[in-house]
Amino acid sequence: MHTRRINFENEIGHTLSALLDLPVEGEPIAYALFAHCFTCSKDYKGVARVSRALASEQVAVLRFDFTGLGDSEGEFSDTTFSSNVSDLVAAAEFMERELEAPKILIGHSLGGAAVLQAAARIPSARAVATIAAPSSTDHLVEMIRSSNAEIETSGEAEVSIAGRPFRIRKEFLDDLSAVNMRDTIANLGCALMIFHSSADRTVGIDHATEIFDAAQQPKSLITLEGADHLLSDAADSRYVGAMIAAWARRYVGPPKEQVRTRRPGDNVIVVRTEEGYRTEIVANGHPLVADEPIRVGGTNQGPTPYELLASALGACTSITLRMYADRKAWPLEAVEVRLQHEKGHCEDCAGAGGPGAKIDNFTREITLEGPLDDDQRGRLLQIADRCPVHRTLKQSAEVTTTLTMNSELGISDRPPTL
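Before going into details, it helps to say that this report is about the structure given with it. Quick caveat: nothing in here was measured; it's all calculated off a predicted structure. (Residues numbered from 1 in each chain as written. Predicted model: local features only at pLDDT ≥ 70, side-chain atom pairs only at ≥ 80, totals over all residues. Heavy atoms only, no water.)

A word on the side chain of Lys-42
What counts, and what does not: In DSSP terms, a helix is any run of H or I states spanning at least four residues, a strand is any run of E spanning at least two, and both are numbered starting from the N terminus. Per-residue accessibility, obtained with a 1.4 Å probe over protein chains only, is compared with the maximum for each type, and a residue is labelled buried under 20%, exposed over 50%, and partly exposed between these values. Each polar contact in these results corresponds to two N or O atoms within 3.5 Å; when the atoms are within protein, one needs to be able to donate a hydrogen and the other to accept it, and residues that are neighboring in sequence are counted only if both atoms are side-chain atoms. By definition, residues are in contact when any of their heavy atoms lie within 4.5 Å.
Mapped onto the elements of the fold, Lys-42 is located in the loop between β3 (30-35) and α1 (45-56). Among the residues examined, Lys-42 registers a relative accessible area of 0% and is labelled buried. At a separation of 2.7 Å, a polar atom in the side chain of Lys-42 contacts the side chain of Asp-65. Looking at Lys-42, its side chain comes within polar contact range of the side chain of Asp-71, at 3.0 Å. If we ignore the near neighbours within four places in the chain, the residues touching Lys-42 are Ser-17, Ala-18, Leu-19, His-36, Val-47, Arg-63, Phe-64, Asp-65 and Asp-71.

Below you can see the structure in the form of structure tokens.
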């Protein structure tokens, strides 16, 4: 994934800070706009992980800080729910001018309520996904009022939310109280995907049921069993991102045709994008993931580099035999190659590091299916040793390394809330 830092202006001239997460290689199939939760920011880990999971599925995501939050200009105390919706519309208009109009809107918690409201003002929107969103804004109004009753008598007050102080004005609560979420949801006009956890103690699962009941088809509801409100577990946020990408493809149109000019080194790009060792790979436009086992600090979300190397040997072997048999018109029905890799001591270690040195040993078992005779099977076994990857492994190879600068990724550990 590549990340670009972007600034754009809202309707009253404040500069809002954003991050654009792009696929490792190739054109995005669609652009998404992400609204973070109340008092949160674009840099919160849960937001970043969802966005990265989408980028790995060829969906570009713009995530930004609402006015007065994170790195954006303005005073939080001057904002309202309506101003947050206007910020979303400004972001969508910026995307349409400079990038591509967003077809997917995503909102977490109160950001989910905001994208539901904003969808009617963003004509390009085709799919809306909410994560732990409230079905009405009354929930937040009551929480703030119970936190500090002074806001009703003095017009404003400092409220503690998730351990952080925020100055809230009565206009903010009045604006929230005037929002009619049910009518908005009923007239959404977009495909809707709802994510919620039955373990959510901040916004209960009943809110998801109410949103689902109010919405028209097409609509879907996925329960995130065991997840917390903030998607603190990395596996939960990555799952949400992957599910949104798979679901939204039905509504954003077919993937764009990828036109590439092949140059040496352009067919494989590798980027480390997650905590630990999880690594994204794009090979000629095809996404893969490499990782390490949990016991060595990885997350076991993909094969190890050596397992990928063994897979390359197996794939090349199988394809080579298929090509040879087809050319000879032999009755080869299928090829199965089983491989293992280990480092073993070399009996003759001359030129291999001296006594006690180890070399890489690949064990390859080949099964040939079909009515082949003994001569054909023997010849195919000989051809297996001539596959290009086998020959590369048997010979020496040179690796040329250069250093380039990587884009900076925004991540925050600050505990947000709604």
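Additional details are given in the paragraphs that follow.
A closer look at the packing of helix α2 (residues 81-98) against helix α3 (residues 110-118)
Short version of the rule: Helix axes are fitted to C-alpha atoms over the stretch in contact, other axes to C-alpha atoms as well, and angles between N-to-C directions run from 0 to 180 degrees. Our angle categories are set so that under 35 degrees counts as roughly parallel, over 145 as roughly antiparallel, 65 to 115 as roughly perpendicular, and the remainder as oblique. Here is the rule for handedness: rotate from the far helix to the near one, and if that takes an anticlockwise turn smaller than a right angle the crossing is left-handed, while a clockwise turn gives right-handed. In the scheme used here, Gly and all other residues not listed as nonpolar or charged are polar, with Ala, Val, Leu, Ile, Met, Phe, Trp, Tyr, Cys and Pro taken as nonpolar and Asp, Glu, Lys and Arg as charged.
Relative orientation of the contacting elements α2 and α3 amounts to 65 degrees, with a least axis distance of 9 Å. Here α2 lies roughly perpendicular to α3, going by the angle between them. The chirality of how α2 crosses α3 is right-handed. Facing Phe-81, Val-85 and Leu-88 of α2, the residues of α3 in contact are Leu-110, Ala-113, Ala-114, Val-115, Gln-117 and Ala-118. Its residues assigned to classes, the contact of α2 with α3 comprises 8 nonpolar, 1 polar and no charged.

Re the pairing of strand β2 (residues 15-22)
Here is the rule: Strands pair, by our definition, only if DSSP identifies at least two bridges between them.
In terms of burial, β2 is a largely internal element, 7 of the 8 residues being buried. Where strand β1 (residues 2-9) lies against β2, 8 bridges are found, and the strand directions are antiparallel. Bridging from a neighbouring strand, Arg-5 pairs with Leu-19 of β2. The loop that links β1 with its antiparallel partner β2 comprises 5 residues; one of these, Gly-13, has a positive phi angle of about 95 degrees. Judged from the 4 bridges that link them, β2 and strand β4 (residues 59-64) form a sheet pairing that is antiparallel. If you follow Ala-18 over to β4, its bridge partner there is Phe-64.

Details of the packing of α1 against helix α9 (residues 234-252)
Orientation of α1 relative to α9, taken along the N-to-C sense of each, is 40 degrees, at an axis distance of 7 Å. Compared by their axis directions, α1 and α9 come out oblique. Relative to α9, the crossing made by α1 is right-handed. Between α1, through Gly-46, Arg-49, Val-50, Ala-53 and Leu-54, and α9, the contact on the second element is made entirely by Ala-234, Ser-237, Arg-238, Val-240, Gly-241, Ala-242, Ile-244 and Ala-245. The class makeup of the residues in the contact of α1 with α9 is 8 nonpolar, 3 polar and 2 charged.

Remarks on the sheet that holds strand β6 (residues 127-131)
With mixed pairing, 8 strands are arranged side by side in an open sheet as β1-β2-β4-β3-β5-β6-β9-β10. Bordering the open sheet on either side are β1 and β10 (219-223), each of which pairs with just one other strand. Averaged over all pairs of adjacent strands, the angle between strand axes in this sheet comes to 20 degrees, irrespective of strand direction. Pairing analysis gives 5 bridges linking β6 to strand β9 (residues 191-196), with the strands arranged parallel. Counted as the bridge partner of Ala-127 is Ala-191 from β9. Helix-sheet contacts for α1 involve β2, β3, β4 and β5 (104-108), and the interaxial angle to β4 is about 160 degrees.

Some details on the pattern of salt bridges
What counts, and what does not: Every case where a carboxyl oxygen of Asp or Glu lies within 4 Å of a side-chain nitrogen of Lys or Arg is listed as a salt bridge.
A full pass over the atoms with the stated rule returns 10 salt bridges. Residue Glu-336 is joined to Arg-338 by a salt bridge in which the shortest nitrogen-to-oxygen separation is 3.1 Å. Residue class for Arg-338 comes out exposed when judged on its relative accessible area of 54%. Where Arg-364 meets Asp-385, a salt bridge forms, and the shortest distance between an N and an O atom there is 2.7 Å. Taken together, the residues Arg-364 in strand β15 (residues 358-369) and Asp-385 in the loop between α11 (374-384) and α12 (388-394) connect sequence positions 21 residues apart. The exposure class assigned to Asp-385 is partly exposed, which follows from its relative accessible area of 43%. Sharing partners across several salt bridges, the network here consists of Lys-42, Asp-43, Asp-65 and Asp-71.

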